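Structural description and commentary
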Amino acid sequence: MALSGHGTSFIFDESWFPTEGQFNMIPMLVGSLLVTFGSLLLALPLGIFSSLFASFYCSPRIKTFYRRAIELYTGIPSVIFGLWGLMKLVPIINQIQPPGQSLLAGTLILALMIFPIIALSLISSFEMASKNHFKVSESLGLKKSTYIWFILLPNLKGQILGATILSFGRAIGETMAVLMVCGNIVKIPSSMFEPIRTLTANIALEMAYAMGTHRSALFLSGLLLLSMIGVLLLLSDFLKKRFAWKA
Amino acid sequence: MEGLTKSISWIVGLALIAMLFYILGDIILVSAKHFSLNFLLDSPFSGGRKGGIYPIIISTLLILAVSLLVVIPIGLASSLYLAEFAEQNSKGIIVIRKSIEVLSAVPSIVFGLFGNAIFSLYLGMGFSILSGGLTLAIMALPLFITTVEKGFRSVPSNYRLAAFSLGMSRFTMIKSVVIPYALPAIFVGIVLSVGRALAETAALIFTSGYVDRMPESLFDSGRSLSIHIYDLTMNVPGGDINAYKTSLVLIVLILATNTLINTILKSWYKKRIAL
Amino acid sequence: MIKRNYPWKTKLSEKECCDSSPIIDVKNLSLFYDKQKAFGDISLEVNRGCVTGIIGPSGCGKSSFIHCLNRMIELYPSSKVDGDIYFNGKNIFDSRVNLMDLRKSIGVIFQEPTPLPLSIITNIELPLKEHRFNNIQERAVSALKSVGLWEEVKDKLKTPANNLSGGQKQRLCIARTIALEPDVILMDEPCSSLDPISTEKIEGLIHELKGSYTILIVTHNLAQARRVCDYVYAFWYDELGSCGKILDSGTCSDVFEHSQNETIRDYVGGLRG
């Protein structure tokens, strides 16, 4: 249904001008990948350090409250993140460098949306980690940070990888928030202040009026997304066997 | 090293909480200034930038109802089958489990695409509450099945043994032992599905439609709260105030369902421990 | 019955080891977990260079007591300590005390052999690095030699420590502790999860270490206490039946052969458990 009549136009067309029969998806693929990797790069340290805060550095009473707060993050719908991003974040970025709706905005908002996956996974893992190791580490007079960076986290490499893959899948599939703050210009960006359009946002924007080959091109981009997710799942299965971690 | 780790952890920890308060606070403050009860009871006009969201609330609840009506029976039946009756290592079952895993990772917009193709076009339902509800049902099903199946599997084997030794049939055991024990998990599954459904936007844009008036039947199109927020923000100049107010309503709705079910769960556990 | 050889023990020792000033002096120590008392009003002295044993039935607060001595008890948030503990004359609960140094000087061997989830050699090198020792590699090798592990592991130093047997793991834990050159080594039932051969090896090790180190060992194995200790403190239940007070103390022969306390006489005679 979707594949007929396109040939190699997905890569070699000039750009995405569907009304003119041009269907190069590369700029949008690049946009999706950039915003996903960028947000992961931010979300990993955010997730790790916030989980360290909750499990090691704040008082136990604060920990329950903090955990609920992170869970609250996951409950907020993506459109609301998009709304807030557009109303508050984009104007700030605009001050630094117009137009404001940009790769940067998308990366920041997406990071806020996915760091809880990593944080919550780590907090659970810390609770299940061997208490004996911590006890021994303390009895040897080792500092907390030594325990964290040389004993605890290296042991949890598998867990961290799993959470990262999960976050990647979530990020690349996100539609509404990135649609609202990224500007939606089809172009490979040359700086993070430039607007981009992701594959997902593209489908959402154009589906309403797409006809014929345009429509099938959109379906194809959907299949592209699906296959990326598929690869991700295969990767996670393979790594599960290698590292033997629990999802 | 210790000082560095400690200070960065504190900074990040506090900053993220501050951000949460900033986001929620922003929504609450902006909405509170302009909120009135009429917002919940009026219909929208002038593209939504004026008026209320009553029909939209109704549409949202209808879509939710349709999806729950599909998810709960099918989900319960499937999880029960997977947990109790299926041959665990057969090829077919492994394929089913894999598909569930894959489905739960699929992006919502892709569901929207296929929901559109299957329900709206192929089955001819057009843009309707029914299409939207059915699409959401398929989205929520994997999550529901995974949660509930775990609940069924967690029934301790001594309960089952006791039931068998008392001469209960398989069916009675399931009805009187397994299902009641797994009830909290079932509730959790429902909460998660509801949460997912309420927050969904991308899957609904092309299935339940855009129209913001009161739907006349399930075959009529209707707009959900999340789509309303999207439309007001992106397409309606000056719509941001109402977008904020709608966001407040949506968040309150999500929090309310969560807290409601959590309190039911807590009282449930209390009763069980008292037993 | 296999006859065991303990060549170093021909008779229960009299005061053969130490000088008169105790290295650890506990005065009126009580421990509470929330409102529950673990032990009350314990006073004892640990003499420098000797092996002091703490015996008593299980549940008496012996382990909890050991945990207080290097302030490990503070890992349990519900714990509350009353009383004083003096180490080398200084009160360890003083706020100016550096916890890292305290734990370097007073090391602990736990009941369950717990190597860190690292390689064998890193288990010893990491604490050495943390406490800023020099010549880390040499010290690590020498520690392994002191516990008799060197020959057994020298070809597999980089392999995970968790692959060792129970007895080897415990000896690794001892090596890790003595590498830091502590003054006192606390041992909380170090042999209770080990087989008899490993137990024998470790008891031999204790005998070698004494003199250069002060050892405080908790054990519910009376025979072991007789074999290994110079001094003994006998813990028992207090009047209320919850735990911890000392009913008798002294040199080994004092407690095992001439105990003044009837309960303890029965206990060491095997008439009570």
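Anything mentioned here points back to the structure above.
Just so it is clear, the model here is predicted, and its values are computed rather than measured.

What about the interface of chain A and chain C?
- Contacts between chain A and chain C engage 15 residues on the former and 16 residues on the latter.
- Elements supplying a minimum of two residues to the side of chain A that touches chain C: helix H6 (131-139) and helix H7 (144-155) of chain A.
- Tallying contributions element by element places H6 of chain A first for the side of chain A that touches chain C, with 6 residues.
- Residues that form the side of chain A that touches chain C fall into these classes: 6 nonpolar, 6 polar and 3 charged.

Let's talk about the nonpolar core
- Counting 207 residues, the largest nonpolar core has Ile109 and Val181 of chain A together with Ala175 of chain C as the members making the most contacts within it.
- A total of 17 residues in this core trace back to one element, the largest contributor, which is helix H5 (residues 103-128) of chain A.
- Residues within four places of Ile109 of chain A in sequence aside, it is in contact with Phe81, Gly85, Leu89, Ala177 and Val181 of chain A.

Examining helix H4 (residues 136-146) of chain C
Residues and elements named next belong to chain C.
- Buried residues of H4: Ala140, Ala143 and Leu144, and no others. Within H4, the buried residues cover an arc of 100° as seen down the axis, which keeps them to one side.
- Buried positions along H4 lie against helix H3 (120-130), helix H5 (150-153) and helix H6 (166-179).
- Once H4 ends, the next one or two residues include Gly148, with phi positive near 75°.

Overview of the interface of chain A and chain B
- Tallying the contact residues gives 44 residues for chain A and 42 residues for chain B.
- For the side of chain A that touches chain B, the secondary structure elements donating two or more residues are helix H2 (26-57), helix H3 (60-75), helix H4 (78-96), H7, helix H8 (157-173), helix H9 (176-181), helix H10 (199-206) and helix H11 (212-243) of chain A.
- With 9 residues, the top contributor of residues to the side of chain A that touches chain B is H4 of chain A.
- Looking at the side of chain A that touches chain B residue by residue, the classes come out as 31 nonpolar, 10 polar and 3 charged.

Describing unusual backbone geometry
- Cis rather than trans, the peptide bond between Pro98 of chain A and Pro99 of chain A has omega equal to 10°.
- Mapped onto the fold, Pro99 of chain A is located in the loop between H4 and H5.
- One non-glycine residue with positive phi stands out, namely Asn184 of chain A, at about 60°.
- Summarising the element assignment, Asn184 of chain A is placed in the loop between H9 and H10.
- At Asp34 of chain C, a residue that is not glycine, the phi angle is positive and equals roughly 50°.

How each quantity is defined
- Residues numbered from 1 in each chain as written.
- Chains lettered and ligands numbered in written order.
- Predicted model: local features only at pLDDT ≥ 70, side-chain atom pairs only at ≥ 80, totals over all residues.
- Contact = placed C-beta atoms within 7 Å.
- Helix = DSSP H or I, 4+ residues; strand = E, 2+ residues; numbered from the N terminus.
- Nonpolar A, V, L, I, M, F, W, Y, C, P; charged D, E, K, R; others polar.
- Core = buried A, V, L, I, M, F, W, Y, C linked by C-beta atoms within 7 Å.
- Buried ≥ 20, exposed ≤ 12 C-beta atoms within 10 Å, placed from the backbone.
- Arc of directions from axis to C-beta.

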